[in-house]
Amino acid sequence: MFGHLDFECEGMHGGFLPADLVADQSSAEVWQKLSEPFFSVQRLNSARMCTQHISRIWRVGPLVCLQCTCGGQILRRSPGLVEQSPGLIAVSQQLHGRSTGDTEGVPFGVREGDVVVRDLDQTFDLLQYPSTFETILIPREVLGLSSESGFALAVLSEDDPALQKTRLTLNAIFDGLRQADENVSLAQVRDLLLAVRAIVQQPGLVRSPRRSVRQRQLKEIEAFLELHLGRLDLGAETLLPEFGASRATLYRLFERQGGIRSYIVERRLFRALLDISSPPSRRGHIQQAAKRWGFSSAPNFNRSVQHVFGAPPGALFKTTASAEAYVAQTGLSVPLSL
């Protein structure tokens, strides 16, 4: 059913799979190095965005399971990294914190309690605020999926029927990993694979008809906003005549994001920080990013960044200690690659 379940034959005992703990560390530098096969990491260097970094990584047969607490960071999965580590599906549970980003140009947001299923053959950019999350990387062949599914991303929130079952299965697997013997139930792994494959093959089935209508409307508005982030007059007054929506509808659609104004500011900050974090750094790039993404002036942009991230934009991406040097000092060289 799931392609090559080779791990059923290797070390399995009593319906349980052995887990191999391959990394247990508290260094953001090491995390940055271990992440290289999958995404580039740029940390946001301010007191508000920094937190004690903790990450644990296990191998369970062909799966990689990781639990991470991290500070604010920008993650990128480029076409080159897709070629370097293709054929993976990631399922993640956001335990604390939030993130915003885009997959192949389509905006998305993740809030505390959400479960995310992502095709890592799609590029993405992600602004992650201080967070704790759990992720399992699953090879496509284990799920029996072709490389042409057309799937990119599903974010399961509280009113998705698939959320509760997927969350319970993830919790059970990570509870097993945290036990002294670090064994994982094969039945729980099978349940997770079934749930993920159903979401990838038919993502629309996880939504009720009513929610599907709301989601289509939300996606249309998000796409419009993304195209017009540079407009200084962008806001509810712009959207009301454009979509024929009431203020109450807009409030309901963007309630999880704190309202339409908060959503627009979050998307503008995401886009602007991507611009100023990308090399090469050039004179005036902060002013150009502010203008491009709808901030009335560079000082206004600076104040917004300072308010949200606790540091001005020019200080967020200061060069930090070399991850390679840290890994060399500690002797840790375990990659995340499958």
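Anything mentioned here points back to the structure above.
None of these values were measured; they are calculated from a predicted model.

Parameters and conventions
- Residues numbered from 1 in each chain as written.
- Predicted model: local features only at pLDDT ≥ 70, side-chain atom pairs only at ≥ 80, totals over all residues.
- Heavy atoms only, no water.
- Helix = DSSP H or I, 4+ residues; strand = E, 2+ residues; numbered from the N terminus.
- Buried < 20%, exposed > 50% of the residue type's maximum accessible area, 1.4 Å probe, protein only.
- Contact = heavy atoms within 4.5 Å.
- Areas by Shrake-Rupley, 256 points an atom, 1.4 Å probe, with all protein chains shown as cover.
- Core = buried A, V, L, I, M, F, W, Y, C linked by side-chain atoms within 4.5 Å.
- Polar contact = N/O pair within 3.5 Å; in protein donor to acceptor, adjacent residues only side chain to side chain.
- Axes fitted to C-alpha atoms, helices over the stretch in contact; angles between N-to-C directions.
- Left-handed = near helix turned anticlockwise from the far one by under 90°.
- Nonpolar A, V, L, I, M, F, W, Y, C, P; charged D, E, K, R; others polar.
- Pairing = 2+ DSSP bridges.

Visitor: I'd like a description of the overall build of the protein chain, backed by residues and values.
Guide: Looking only at helices and strands, the protein chain has 13 helices and 14 strands in total. Looking at the protein chain as a whole, 51% of its 338 residues are labelled buried. If you take every contact in the protein chain between residues at least 6 apart in sequence, the share linking residues at least 24 apart comes to 75%. Per element, the accessible surface of the protein chain, about 15600 Å² overall, is 52% carbon and sulfur.

Visitor: I'd like a description of the environment of Phe-295, backed by residues and values.
Guide: Looking at the secondary structure, you find Phe-295 in the loop between helix 10 (285-292) and helix 11 (298-309). For Phe-295 and Ala-272, which are 23 residues apart along the polypeptide, the C-alpha to C-alpha distance reads 9.5 Å.

Visitor: For the nonpolar core, give the residues involved together with the corresponding values.
Guide: Counting residues in each nonpolar core, the largest one holds 38 residues, and the members touching the most others are Leu-127, Leu-225, Leu-250, Phe-254, Phe-301 and Phe-309. When residues of this core are traced back to their parent elements, those giving at least two are helix 6 (209-227), helix 7 (236-243), helix 8 (247-253), helix 9 (260-277), helix 10, helix 11 and helix 12 (313-316). When residues no more than four places from it in sequence are discounted, the contact partners of Leu-127 are Leu-44, Gln-73, Ile-74, Ser-99, Thr-100, Phe-270, Leu-273 and Phe-309. Within the second largest apolar cluster, 32 residues are counted, among which are Ile-138, Ala-154, Leu-156 and Phe-174.

Visitor: Can you explain the side chain of Ser-185? Please cite residues and give values.
Guide: By the element assignment, Ser-185 lies in strand 14 (residues 183-185). A distance of 3.2 Å separates a polar side-chain atom of Ser-185 from the backbone nitrogen of Ala-187. Contact partners of Ser-185, with chain neighbours within four places excluded, come to Gly-15 and Phe-16.

Visitor: So what about the packing of helix 4 (residues 161-178) against helix 5 (residues 186-201)? Which residues, and what values?
Guide: One way to put it is that helix 4 packs onto helix 5 with a least axis distance of 9 Å and a crossing angle of 145°. Considering how the two elements wind past one another, helix 4 and helix 5 form a crossing that is left-handed. Together, Ala-162, Thr-166, Thr-169, Leu-170, Ala-172 and Ile-173 of helix 4 and Gln-188, Val-189, Asp-191, Leu-192, Ala-195 and Ile-199 of helix 5 make up the contact between the two elements. Each residue belonging to the contact of helix 4 with helix 5 can be placed in one class, and the counts come to eight nonpolar, three polar and one charged.

Visitor: Help me get a handle on the pairing of strand 11 (residues 124-128), residues and values and all.
Guide: The buried count for strand 11 comes to four of five residues, which makes it a mostly enclosed element. Relative to strand 11, strand 6 (residues 73-77) runs antiparallel, the two sharing five bridges. In the strand pairing of strand 11, Arg-77 is matched with Phe-124. Pairing geometry for strand 8 (residues 99-103) and strand 11, over five bridges, is antiparallel. Bridged to Thr-103 within strand 11 is Phe-124.

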